[in-house]
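In case you want the letters, here they are:
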Amino acid sequence: MEEGDLRCSCGGIQYGYHSDNVIVFLCYRCGNIDCENVSKRVIKLFSEEPELVLTMIEDGFLTPISKV
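Right, let's walk through the structure included here.

Cut-offs applied
- Think of each chain on its own: its residues are numbered from 1, step by step along the sequence as written.
- It should be noted that, the model being predicted, local features are given only for residues of pLDDT at least 70 and side-chain atom pairs only at 80 or more, the latter also being counted only at that level, while totals for whole chains, interfaces and linings use all residues.
- Computation of side-chain values: all heavy atoms of the structure, hydrogens and water removed.
- Note on pairing: DSSP must find at least two bridges between two strands before they are called paired.
- Going along the chain from the N terminus, every DSSP run of H or I of four or more residues is numbered as a helix, and every run of E of two or more is numbered as a strand.
- Centres within 6.5 Å are what make two rings of Phe, Tyr or Trp a pair, Trp counting through its six-membered ring; a difference in plane orientation under 30 degrees is then read as stacked, over 60 as edge-to-face, and the rest as tilted.
- In this description, contact between two residues means that some pair of their heavy atoms is separated by no more than 4.5 Å.

What follows is about the pairing of strand S4 (residues 33-36). As judged from the 4 bridges shared by strand S3 (residues 22-27) and S4, these two strands associate in the antiparallel manner. Counterpart to Val24 in the pairing with S4 is Cys35. Here S3 folds back onto S4, and the loop between the two strands holds 5 residues, one of which, Gly31, carries a positive phi near 90 degrees.

Written as structure tokens, this is what we have:
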């Protein structure tokens, strides 16, 4: 596990990504998404449209915490 990653409740790894003060942890095994410093509206959007998080990572808006 890299620095900035967490253990998920499914036993997988939640990989950490950030942009400014927003932090998103994503488990590729079960799809669990945990967020810090985001509104309830954004958390709801991420849970309804999880591919949005992947797009944000692909576009470079969210970058891996371990690269900080």
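By the definition in use, this model includes 1 aromatic pair. Measuring from ring centre to ring centre gives 5.7 Å for Tyr15 and Tyr28, while their planes differ by 55 degrees; the resulting arrangement is tilted. Of this pair, Tyr15 sits in strand S2 (residues 13-19) while Tyr28 sits in the loop between S3 and S4; the two residues are 13 residues apart in sequence, bridging distant segments of the chain.

Quick look at the environment of Asn21 now. Structurally, Asn21 can be placed in the loop between S2 and S3. In this structure the C-alpha to C-alpha distance between Asn21 and Glu51, which are 30 residues apart in sequence, comes to 21 Å. Those residues in contact with Asn21 that sit more than four places away from it in its chain are Glu36 and Asn37.

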